[in-house]
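# Reading the structure
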Amino acid sequence: KQEVTQIPAALSVPEGENLVLNCSFTDSAIYNLQWFRQDPGKGLTSLLLIQSSQREQTSGRLNASLDKSSGRSTLYIAASQPGDSATYLCAVRPDGNKLVFGAGTILRVKS
Amino acid sequence: GAGVSQSPSNKVTEKGKDVELRCDPISGHTALYWYRQRLGQGLEFLIYFQGNSAPDKSGLPSDRFSAERTGESVSTLTIQRTQQEDSAVYLCASSLGLNTGELFFGEGSRLTVL
């Protein structure tokens, strides 16, 4: 059974810092991995999608990497801003049907 | 539509009542998913629709839960005889239906069972 773990569970950093969020998964047989952010009381916003054949994806200040063989992904946020404060969720797609989610990392960027 | 649309955004009901939650996926998306998120917890998969194939109902927690989808459009999630433990945010997502497709989520329907 695929399990997804995110570390740390919570993170508080001062504005301007670069930071890394970690995601690990137990079964390397995945189609892709997707990072989301969730603001309080809101739905999920897709940030980056990495296919199993890819090593990384970039969007603005965000960079996500994927090491499928070791079951790891990282989300790098450069020059963090208070508006980046949210819960960040990692999800893997082990088959065609559904994503398996981690519990998330709660990020707070202090101004 | 431009995004995944869910209604109602909030629903308060009494224990034992039935509720219906609606999801309108992005136009052209053949795959539709329902997830549940209890307060402070992660997302639980409920059900998945892909085109005209039989839905994957493996995540439905009990026979009080059911879902339907008309073709490749709107889906309704029905919870019968609601219980307090059903209180959660119910999130709907859609994708192009490929194994490699990106999922897009709606804002969710927050259900509170008194």
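Described in the following lines is the structure provided in the data block. Chains are numbered independently. Their residues run from 1 in the order of the written sequence. Each chain is given a letter, starting from A, and each ligand a number, starting from 1, according to the order in which they appear as written. Only residues with pLDDT of at least 70 get local features here, since the model is predicted, and only at 80 or more are side-chain atom pairs given and counted; chain-wide, interface and lining totals rely on the full set of residues. Computation of side-chain values covers all heavy atoms of the structure but excludes hydrogens and water.

## Examining the overall build of chain A
Regarding its fold elements, chain A presents 0 helices and 11 strands. Each helix is a run of H or I in the DSSP string that is no shorter than four residues. Each strand is a run of E no shorter than two, and both are numbered from the N terminus. In sequence order, the secondary structure elements of chain A are arranged as β-β-β-β-β-β-β-β-β-β-β. C-alpha atoms of chain A, sized along the principal axes, occupy 40 × 25 × 20 Å. The rule is simple: take the accessible area with a 1.4 Å probe, protein chains only, and divide by the maximum for that residue type; under 20% is buried, over 50% is exposed, in between is partly exposed. Residues classed as buried in chain A amount to 45% of the 111 residues present. Taking the intrachain contacts of chain A between residues at least 6 apart in sequence as the baseline, contacts between residues at least 24 apart amount to 54%. Of the roughly 5,100 Å² of accessible surface on chain A, 47% is carried by carbon and sulfur atoms. Whether two residues touch is decided by their heavy atoms; if any such pair falls within 4.5 Å, the residues are in contact. What sets the accessible areas is the Shrake-Rupley method with a 1.4 Å probe; for residues, cover comes only from the shown protein chains.

## Points about the interface of chain B and chain A
Many analyses report the size of an interface as the accessible area lost when the parts associate. On the side of chain A, 19 residues touch chain B, which itself brings 20 residues to the contact. Buried area adds together the accessible area that both of two parts lose upon being put together, with accessible area traced by a 1.4 Å probe. Overall, the association of chain B and chain A removes approximately 1,700 Å² of surface from exposure, summing both partners, and the carbon and sulfur fraction of that is 49%. Between Lys or Arg on one side and Asp or Glu on the other, a salt bridge is scored when a side-chain nitrogen of the former is within 4 Å of a carboxyl oxygen of the latter. One can count 1 salt bridge joining chain B with chain A. Put simply, Asp56 of chain B and Lys98 of chain A hold a salt bridge, and the shortest N to O gap is 3.8 Å. Between N or O atoms, a polar contact is any pair within 3.5 Å; within protein, one atom must be a potential hydrogen donor and the other a potential acceptor, and residues adjacent in sequence are included only when both atoms are from side chains. At the junction of chain B and chain A, the tally comes to 6 residue pairs in polar contact (both at pLDDT 80 or more). Mapped by element, the contributors of at least two residues to the side of chain B that touches chain A are strand 4 (31–37), strand 5 (43–50) and strand 8 (88–95) of chain B. Gly counts as polar in this scheme, as do all residues outside two lists: the nonpolar Ala, Val, Leu, Ile, Met, Phe, Trp, Tyr, Cys and Pro, and the charged Asp, Glu, Lys and Arg. Grouping the amino acids of the side of chain B that touches chain A by side-chain chemistry returns 9 nonpolar, 7 polar and 4 charged.

## Let's talk about the packing of aromatic side chains
Working definition: rings of Phe, Tyr and Trp (its six-membered ring) pair if their centres are within 6.5 Å, and the pair is stacked with planes under 30 degrees apart, edge-to-face with planes over 60 apart, and tilted otherwise. Per the stated rule, a full pass over the model turns up 7 aromatic pairs over all chains. Here Phe101 of chain A and Phe105 of chain B contribute two aromatic rings whose centre-to-centre distance is 6.1 Å and whose plane-to-plane angle is 75°, an arrangement assigned as edge-to-face. Separated into two different chains, Phe101 of chain A in strand 10 (residues 100–101) and Phe105 of chain B in strand 9 (residues 104–105) make up a pair that spans both. As far as the burial class goes, Phe101 of chain A and Phe105 of chain B line up, both buried. Taking the centre distance of 5.8 Å and the plane angle of 70° together, the rings of Tyr35 of chain B and Phe45 of chain B count as edge-to-face. On the criterion of sequence distance, the pair formed by Tyr35 of chain B in strand 4 and Phe45 of chain B in strand 5 is long-range, its members being 10 residues apart. Taking relative accessible area as the criterion, Tyr35 of chain B reaches 0% and is therefore assigned buried. Exposure remark for Phe45 of chain B: the relative accessible area of 12% places this residue in the buried category. The structure contains a cluster of three or more aromatic residues connected by ring pairs, namely Phe36 and Phe101 of chain A together with Tyr35, Phe45 and Phe105 of chain B. For Lys98 of chain A, the ring lying beneath its charged end belongs to Phe45 of chain B, and the centroid distance is 4.9 Å. Put simply, a charge is over a ring when the Lys NZ or the Arg CZ is close to the ring centre, within 6 Å, and near the line of the ring normal, within 35 degrees.

## Observations concerning the sheet that holds strand 3 (residues 19–24) of chain B
Residue and element names in this part refer to chain B. At least two bridges found by DSSP between two strands are what make those strands a pair. Spatially, 1-3-7-6 is the arrangement adopted by the 4 strands of the open sheet, whose pairing is antiparallel. The open sheet terminates on both sides in strands that have one partner only, identified here as strand 1 (5–7) and strand 6 (65–69). Put simply, the sheet's adjacent strands are angled 15° from each other on average, direction ignored. As defined by bridge partners, strand 3 adjoins strand 7 (residues 75–79) across 5 bridges and the pair is classed as antiparallel. The partner of Glu20 across the bridge, within strand 7, is Thr78. Angles shown run from 0 to 180 degrees and are taken between the N-to-C directions of axes, each axis being a line fitted to C-alpha atoms and, for helices, limited to the stretch in contact.

## Re the nonpolar core
Grouped together as the largest cluster of nonpolar side chains are 23 residues, with contacts concentrated most on Phe25, Leu33, Trp35, Leu75, Ile77, Tyr88 and Leu107 of chain A. With near-sequence residues (within four places) excluded, Phe25 of chain A lies in contact with Gln2, Glu3, Val4, Ile30, Leu33, Leu66, Asp67, Lys68, Gly71, Arg72 and Val92 of chain A. Throughout, nonpolar core names a set of buried Ala, Val, Leu, Ile, Met, Phe, Trp, Tyr and Cys residues whose side chains join them through atoms within 4.5 Å. Listed in part, the 20 residues of the second largest apolar core include Val4, Cys23, Phe49 and Ile79 of chain B.

## Quick word on the environment of Ser109 of chain B
Residue and element names in this part refer to chain B. On the secondary structure map, Ser109 appears in strand 10 (residues 109–113). Judged by its relative accessible area of 1%, Ser109 is buried. Sequence separation between Ser109 and Ser75 is 34 residues; the distance between their C-alpha atoms is 13 Å. When residues no more than four places from it in sequence are discounted, the contact partners of Ser109 are Gln6, Ser7, Pro8, Ser9, Leu21, Ala88, Val89 and Tyr90. A distance of 2.6 Å separates a polar atom in the side chain of Ser109 from the backbone oxygen of Pro8.

The values are spatial; any link to function lies outside them.
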